[in-house]
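Spelled out, the chains give:
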Amino acid sequence: MTEIEVKKAQESLQDRLAQVIELLQRQRIVEDLTHRQESPHHDLVENLVHRQNLVELQRKLDDLHPADVAYILEALPLEDRLTVWQLVRSDRDGDILLEVSDAVRETLIADMDDHELLAAAKEMDADELADLAPELPRDVVHELMETLDAQQRERVRSALSYDEEQIGALMDFEMVTIREDVSLEVVLRYLRRLKELPNHTDKLFVVDYDGILKGVLPIKRLLVNDPDKKVAEVMATDPVSFRPEEDGYDAAQAFERYDLVSAPVVDKSDRLIGRLTIDEMVDLIREESESEVLNMAGLREEEDIFASVWRSLRNRWAWLAINLITAFLASRVIGVFEGSIEKLVALAALMPIVAGIGGNSGNQTITMIVRAMALDQVSPGNTARLMRKELAVALINGLVWGGVIGAVAYWLYGSWSLGVVMTGAMTLNLLLAALMGVLIPMTLMRLGRDPAMGASVMITAVTDSGGFFIFLGLATVFLL
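Residues numbered from 1 in each chain as written. Predicted model: local features only at pLDDT ≥ 70, side-chain atom pairs only at ≥ 80, totals over all residues. Heavy atoms only, no water.

Things to note about the overall build of the protein chain
A tally of regular secondary structure across the protein chain gives 22 helices and five strands. Expected size for 480 residues packed as a compact globule is a radius of gyration near 23 Å; at 30 Å, the protein chain overshoots this value by more than 25%. Across the 480 residues in the protein chain, those meeting the buried criterion constitute 41%. (Helix = DSSP H or I, 4+ residues; strand = E, 2+ residues; numbered from the N terminus. Rg over C-alpha atoms; globule rule 2.2 N^0.38 Å. Buried < 20%, exposed > 50% of the residue type's maximum accessible area, 1.4 Å probe, protein only.)

Here it is in structure tokens:
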């Protein structure tokens, strides 16, 4: 899909969202008017108008892809979201539940009774059921497992036995397997008998009679080679494969590195047990990036934008409390130099510049380090070199931009010594920001925490307090 096509699709989706919102508003306006008017046919008119709007709204929803319906649901306040959700056809509930965010899915599931949940879950594959099962009521999960055949039940239990970011929880069980001793013509006839191929099928998996993976047969090789050739002659014998206990994010990096669409998952005996597909990897990368953004801001979990006030407070209060403490510490640093500020008022105007630039520089360093960690580019062997490089960048930036702001301070206040102090404070604070920008994520990682968890809050606290102390301390020593 070209950039123009993507833009058109996005514009179309925005138009659909606007149409849904307009229908909901129209329905509320008409209901309000009919309530105000008193007539013998009041109830009949209200009922007809209500049904007409709902039918039009339902028709629009039926034309949309499940992912687009999920987008619309996430963009609506809770009351409107549930109104729209009730209009979705029951046979589409499962697909849409898998597309919405975790926070929104919780509100939708809470609005469904057990019968609706069972009906939605019965349309899902084993890997999809495993994704949804942790959020369903226990009695629903138990009843649902009873309705599955032995193979499906075992697949769901297998997927649930892994952490949500392990490959075993992400793999798909729908795949096409063939033998290596048959001809390509036999494979083609076999494929024609299938109703459809599993999504993202770019290769067939070659196994022996014990299910041991022998190789893969890319579809393009199947189509361009002589039909009389054996599978063993044209298959790839060294495919990229994964183990179910491996980390899903490592697999996502391999998909990006080797341009994979699908890949086999094998157990310790090399027996084929599933496959990974590109759609799962894209979802995992998106969720990982969103999680890092939230963690750097000090948010504990993904938040429904229309969540209740209390829920949003619970998600945000922890790091705000920490930020309040660090801000208080910064204010105490300023309080120590209160006498200096009274004697030279220019200090009050200049000190936020030192702290602000230090915070920005520290956040740049942390962003680069966290990204490098995510790509496994940081190791004990290159930590010292990385530290020296970041300190060198900070030193040069401090001298250059500190010199610029020092010249500005001299021009504004006519004091060359104030300009020198400004340059020195800027340089020292940028060096502190670089040092902490490397140490904070590395320390968090060694403690077993997410390197991005609250990193921006911590670096801002350090550079604010440190910047005030450095600038006001230098000013007190050399100016006063």
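Observations concerning the UniProt feature "transmembrane region" (unreviewed entry) in the protein chain
Annotation from UniProt places "transmembrane region" (unreviewed entry) at residues 317–337, 349–370, 391–413, 419–440 and 452–479. Secondary structure within residues 349–370 divides into 100% helix and 0% strand; the distance between the first and last C-alpha atoms comes to 33 Å. (UniProt positions renumbered as here; feature names shortened; annotations may be inferred.)

A word on the packing of helix α4 (residues 78–87) against helix α6 (residues 102–110)
At a minimum axis distance of 10 Å, the contact between α4 and α6 shows a crossing angle of 65 degrees. Between α4 and α6 lies a crossing of right-handed hand. Contacts from L78, R81, L82 and W85 of α4 reach α6 at V104, T107 and L108. Per-class residue counts for the contact of α4 with α6 are five nonpolar, one polar and one charged. (Axes fitted to C-alpha atoms, helices over the stretch in contact; angles between N-to-C directions. Left-handed = near helix turned anticlockwise from the far one by under 90°. Contact = heavy atoms within 4.5 Å. Nonpolar A, V, L, I, M, F, W, Y, C, P; charged D, E, K, R; others polar.)

Description of the UniProt feature "domain: CBS" (unreviewed entry) in the protein chain
Summarizing the sequence annotation, UniProt attributes the feature "domain: CBS" (unreviewed entry) to residues 171–233 and 235–291 in the numbering used throughout. Taken end to end, residues 171–233 is 30% helix and 21% strand, and its two terminal C-alpha atoms sit 28 Å from one another.

Describing the pairing of strand β3 (residues 213–218)
Consecutive side chains of a regular strand alternate in pointing toward one face of the sheet and then the other. Counted residue by residue, β3 has five buried out of six residues, so it is predominantly covered. Sheet analysis places strand β2 (residues 203–207) next to β3, joined by five bridges and oriented antiparallel. Looking across to β3, one finds that F205 is bridged to V216. In this structure, the hairpin formed by β2 and β3 is closed by a connection of five residues, where G211 is found at a positive phi of approximately 80 degrees. (Pairing = 2+ DSSP bridges.)

Brief notes about the packing of aromatic side chains
For the structure on display, the rule yields two aromatic pairs. Considering the side-chain rings of F242 and F255, the 6.2 Å spacing of their centres and the 20 degrees angle between planes classify their relative orientation as stacked. Of the two residues, F242 sits in the loop between α14 (231–234) and α15 (248–258) while F255 sits in helix α15, which places them 13 residues apart along the sequence. Judged by its relative accessible area of 6%, F242 falls in the buried class. Taking the relative accessible area as the measure of exposure, F255 reaches 2% and is therefore buried. (Phe/Tyr/Trp six-rings, centres within 6.5 Å; stacked < 30°, edge-to-face > 60°.)

Observations regarding the nonpolar core
Nonpolar side chains tend to gather and get buried jointly when the protein is soluble and globular. By size, the foremost hydrophobic cluster in this structure holds 56 residues, and its most contacted members are L73, V84, W85, I96, F242 and L276. A domain split of this core shows at least three residues from each of domain 1 (13–169) and domain 2 (177–297). Those residues within four positions of F242 in sequence are excluded, and the remaining contacts are I167, A251, A254, F255, A263, P264, V265, V266 and L276. Residues V333, A346, L418 and I470 belong to the second largest nonpolar core, which totals 25 residues. (Core = buried A, V, L, I, M, F, W, Y, C linked by side-chain atoms within 4.5 Å. Domains from an automatic or database assignment.)

Details of a nonpolar patch on the surface
Together, I396, V400, W401, V404, V408, W411, L412 and Y413 give the surface a local cluster of nonpolar side chains, amounting to about 860 Å² of exposed area. As for its placement among the helices and strands, W411 is situated in helix α20 (residues 383–413). (Patch = residues over 30% accessible without salt bridge, like charges linked within 9 Å, V, L, I, M, F, W, Y side chains within 5 Å. Areas by Shrake-Rupley, 256 points an atom, 1.4 Å probe, with all protein chains shown as cover. Salt bridge = Lys/Arg side-chain N within 4 Å of Asp/Glu carboxyl O.)

Some details on the layout of surface pockets
Of the pockets and cavities examined, the second largest pocket occupies roughly 390 Å³. Lining the second largest pocket are 15 residues, and of these Y249, E288, M373, A374 and P451 lie nearest its centre. Elements with a minimum of two residues in the lining of the second largest pocket: α15, α16 (278–296) and α19 (346–374). Residue composition of the lining of the second largest pocket, grouped by class: seven nonpolar, one polar and seven charged. Split by domain, the residues of the lining of the second largest pocket number at least three in each of domain 2 (177–297) and domain 3 (309–479). (1 Å grid on protein atoms, 1.4 Å probe; cavity = no way out; pocket = protein on both sides within 12 Å on 5 of 7 lines; lining within 4 Å. Points joined across faces, edges and corners; volume = space filled by probe spheres on them.)

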